[in-house]
Amino acid sequence: MESSWDGCGGFLPAPSTLFGAILSQMHNKMSQDESLKIASSLSTAGPFLCKDNEIYFPTPLDIIPGNKLLDLKLLAGNSDLPQPLKYALFAGKPSKETVKPYISFSEFKKYLAGESFKLPQESDFFDREVRPGITINAKTRTAEDSKFYVAEYLRLREDEKVTLAARITLTDHEKLSHIFPADESVLMQLGGQQTMVYAERATVDFIPDAHITGKFVKWVLLTPAAWN
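Caption draft 1: Up close: the overall build of the chain. From N to C terminus, the chain includes four helices and twelve strands. With the C-alpha coordinates aligned to their principal axes, the bounding extent of the chain is approximately 65 × 55 × 40 Å. Carbon and sulfur atoms make up 52% of the accessible area of the chain, which amounts to about 16600 Å² in all. Each charge class in the chain can be summarised by its mean position, and for the 25 positive and 29 negative side chains these summaries are 6 Å apart.

Below, the structure written as structure tokens:
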């Protein structure tokens, strides 16, 4: 080991990982011409944690320790904010307490409504496992002498019936039914190290409805997004 790095950094599959896995599944189930023809209409959201048939989102970043929100304050004096923006967000007093990383669908709606909400523990969903490994030479495919690593993995809590959920849409709904038949589990690869998962259809409340009642709009990104 070249340093004292402990291999932290286990994360849920990224949205791009899910998208690639669905594309691979389409190529496996259809002819190449057919899959390429409809691939441009593929749209995915997630994956998100799911427990007791409820979706859990990443905690919005304006939530601070104590399950409070950043304060919105009018800036005094001059500011480099573009017009007509006059307000900025402030965290208040520094704290060593960390914010829990996930929020349930029901608590998320309370957060949007400005009501008090609760955040679950990370351990309610998965355990973190750290495993050692031996570095493999990419050219020779053999072990490199005296080179080891430590990697962290997430194991979903089977006793809590924790799964991953995602929304997948295609313009041609019949093709989607061909890839994921109703009332049937489909074995597919998701992520690295040849990880296999069972995928099946489910009915859950997924994305909260947006109701704009005033002049101000708050954007909350549930998945990574690119901005100009």
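Caption draft 2: Just helix α1 (residues 15-29), in detail. Its 15 residues give α1 an end-to-end C-alpha distance of 21 Å, which sits within 8% of 21 Å, the value for a rise of 1.5 Å per residue. Within α1, the full set of buried residues consists of L18, A21, I22, Q25 and M26. End-on, the buried residues of α1 take up no more than an arc of 140°, which puts them together on one face. Looking at the buried side of α1, the elements it contacts are α2 (32-38), β1 (43-51), β10 (162-169), α4 (173-179) and β11 (186-189).

Caption draft 3: Fine view of the nonpolar core. In this structure, I22, M26, L170, I179, F180 and M188 are the most contacted members of the largest nonpolar core, which totals 16 residues. At the level of elements, α1, α4 and β11 are the ones that each hand at least two residues to this core. At four residues, the largest contribution of residues to this core is made by α1. If we ignore the near neighbours within four places in the chain, the residues touching M26 are S35, I38, A39, L42 and I179. Core analysis: the second largest hydrophobic core is formed by 15 residues, F48, C50, F206 and L222 among them.

Caption draft 4: Molecular detail of the side chain of Q25. Checked against the element boundaries, Q25 lands in helix α1. The buried category is assigned to Q25, whose relative accessible area is 6%. When neighbours within four sequence positions are excluded, Q25 is seen to be in contact with I179, F180, V186, L187 and M188.

Caption draft 5: Molecular detail of the pairing of strand β2 (residues 54-58). As paired strands, β1 and β2 are joined by three bridges and run antiparallel to one another. What sits directly across from K51, in β2, is E54. Here β1 folds back onto β2, and the loop between the two strands holds two residues, one of which, D52, carries a positive phi near 55°. Strand direction decides the pairing type here: β2 and strand β7 (residues 102-104), joined by three bridges, are antiparallel. Looking at β7, one finds that Y56 is bridged to S104.

Caption draft 6: View of unusual backbone geometry. Across the junction of G46 and P47, the peptide omega takes the value 10°, indicating a cis bond. Among the structural elements, P47 can be located in strand β1. With phi around 55°, N67 is a residue other than glycine that occupies positive phi space. Using a relative accessible area of 31% as the deciding quantity, one classes N67 as partly exposed.

Caption draft 7: Representation of a nonpolar patch on the surface. A cluster of nonpolar side chains, I212, V217, W219, L221 and W227, forms an exposed patch at the surface whose accessible area comes to about 670 Å². Structurally, V217 can be placed in the segment after β12 (196-199). For V217, a relative accessible area of 48% corresponds to the partly exposed category.

How each quantity is defined
Residues numbered from 1 in each chain as written. Predicted model: local features only at pLDDT ≥ 70, side-chain atom pairs only at ≥ 80, totals over all residues. Heavy atoms only, no water. Helix = DSSP H or I, 4+ residues; strand = E, 2+ residues; numbered from the N terminus. Areas by Shrake-Rupley, 256 points an atom, 1.4 Å probe, with all protein chains shown as cover. Lys, Arg positive; Asp, Glu negative; His and termini not counted. Charge placed at Lys NZ, Arg CZ, Asp CG, Glu CD. Expected span 1.5 Å × (residues − 1). Buried < 20%, exposed > 50% of the residue type's maximum accessible area, 1.4 Å probe, protein only. Arc of directions from axis to C-beta. Contact = heavy atoms within 4.5 Å. Core = buried A, V, L, I, M, F, W, Y, C linked by side-chain atoms within 4.5 Å. Pairing = 2+ DSSP bridges. Patch = residues over 30% accessible without salt bridge, like charges linked within 9 Å, V, L, I, M, F, W, Y side chains within 5 Å. Salt bridge = Lys/Arg side-chain N within 4 Å of Asp/Glu carboxyl O.

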